[in-house]
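# Coordinate inspection notes
Okay, here's what each chain looks like letter by letter:
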Amino acid sequence: MPHTILLVQPTKRPEGRTYADYESVNECMEGICKRYEEHLKKINPNSPSITYDISQLFDFIDDLADLSCLVYRTDTRMYQPYHKDWIKEIYLLLCQQVQHARENSCGGSIKHWEWAWNTGVYSNL
C-alpha cells in the first residue's frame, strides 16, 4: 500500500491548489470520488440522492486545471508523478476488476484489489 499524495488545482488560479495524502492508491481514488460527490452536492443542493457514472467522473477530472498523484515507490525510495490519464486508467482497471470479482464471487462478496507497484500489475490481496 504505497503512500500517495493527491495534488489538485481546480482552476487556472494557483491559489486554489490543494493536496491530500492517502495510505494507498485505492484510498486516493476514493478521495477523488468523494471530491466529485461533494461537487455534485454543491451544484445539486436539493437532491436527496446523487448518482453518476464513470464518464461523468472522467469529465470532472478533465475539467480540473490539474490533477496529479505522487506515488511512493519503495524500490526507488522516491515519489513518482502520475497525471490525469493515468488516474483514469486506474479507475478503468478497478471497474473491470470489480466487475470480474462480482461475476466470479460466491455470495456476492467483492474482493479487494491493490496495485502491485513493483510488477506493474494488479493483484488480489
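The present account deals with the structure reproduced in this document.

So, how was this worked out
- Residues numbered from 1 in each chain as written.
- Predicted model: local features only at pLDDT ≥ 70, side-chain atom pairs only at ≥ 80, totals over all residues.
- Heavy atoms only, no water.
- 1 Å grid on protein atoms, 1.4 Å probe; cavity = no way out; pocket = protein on both sides within 12 Å on 5 of 7 lines; lining within 4 Å.
- Points joined across faces, edges and corners; volume = space filled by probe spheres on them.
- Helix = DSSP H or I, 4+ residues; strand = E, 2+ residues; numbered from the N terminus.
- Disulfide = S-S within 2.5 Å.
- Buried < 20%, exposed > 50% of the residue type's maximum accessible area, 1.4 Å probe, protein only.
- Pairing = 2+ DSSP bridges.
- Axes fitted to C-alpha atoms, helices over the stretch in contact; angles between N-to-C directions.
- Arc of directions from axis to C-beta.
- Contact = heavy atoms within 4.5 Å.
- Core = buried A, V, L, I, M, F, W, Y, C linked by side-chain atoms within 4.5 Å.
- Phe/Tyr/Trp six-rings, centres within 6.5 Å; stacked < 30°, edge-to-face > 60°.

## Some remarks on the layout of surface pockets
Empty space within the second largest pocket amounts to approximately 190 Å³. Along its surface, the second largest pocket is lined by Val8, Pro10, Thr18, Arg35, Glu38, His39, Lys42, Phe60 and Leu64. Counting residues per element, the lining of the second largest pocket draws most heavily on helix α1 (residues 25-43), which supplies four residues.

## Here we look at the state of the cysteines
If you walk through the whole model with that rule in mind, you get zero disulfides. Lacking any disulfide linkage, Cys33 is separated from the closest cysteine sulfur, that of Cys95, by 8.4 Å. Relative accessible area serves as the criterion here: at 17%, Cys33 is assigned to the buried category.

## Things to note about the sheet that holds strand β3 (residues 66-73)
Across a sheet, paired strands are connected by hydrogen bonds in the backbone, their directions being either parallel or antiparallel. The strand order across the open sheet built from four strands is β2-β1-β3-β4, with neighbouring strands paired in antiparallel fashion. Only two strands of the sheet have a single partner each, and these edge strands are β2 (18-22) and β4 (78-82). Taking each pair of neighbouring strands and ignoring which way they run, the sheet shows an average axis angle of 20°. As judged from the six bridges shared by strand β1 (residues 4-9) and β3, these two strands associate in the antiparallel manner. When the sheet's bridge partners are listed, Gln9 is paired in β3 with Asp66.

## Regarding helix α2 (residues 54-63)
Listing the buried residues of α2 in full gives Leu57, Phe58, Phe60 and Ile61. For α2, the buried positions fall inside an angular range of 155° around the axis, keeping them on one side. Buried positions along α2 lie against α1, β3 and α3 (84-104).

## Looking at the pairing of β4
Successive residues of a regular strand alternate their side chains across the two faces of the sheet. In terms of strand pairing, β3 meets β4 through five bridges, oriented antiparallel. Its bridge partner lying in β4, Leu70 is registered against Pro81. Connecting the antiparallel pair β3 and β4 is a turn made up of four residues, with Arg77 showing a positive phi of about 55°.

## Notes on the nonpolar core
Ranked by size, the top nonpolar core spans 25 residues in total, and within it Met29, Ile32, Cys69, Trp86, Ile87 and Tyr91 carry the most contacts. For this core, the elements supplying multiple residues, two or more each, are β1, β2, α1, α2, β3 and α3. Broken down by element, this core gets its largest block of residues, seven residues, from α1. Other than its neighbours up to four places away in sequence, Ile87 contacts Met29, Ile32, Ile61, Leu67, Ser68 and Cys69.

## Here's the deal with the packing of aromatic side chains
Two numbers describe a pair of aromatic rings. These are the distance of the centres and the angle of the planes. Overall, the coordinates contain five aromatic pairs when judged by the stated rule. When the ring of Tyr36 is compared with that of Phe60, the centres are 4.9 Å apart and the planes differ by 40°; the resulting orientation is tilted. Taken together, the residues span a long stretch of sequence, with Tyr36 in helix α1 and Phe60 in helix α2 at a distance of 24 residues. Of the two residues, Tyr36 and Phe60, both sit in the buried class. Judged by centre distance (6.5 Å) and plane angle (55°), the rings of Phe58 and Tyr91 are tilted. Of this pair, Phe58 sits in helix α2 while Tyr91 sits in helix α3, placing them 33 residues apart in sequence. In this structure, Phe58 and Tyr91 share a single accessibility class: buried. In this structure an aromatic cluster arises from ring pairing among Tyr36, Tyr52 and Phe60.

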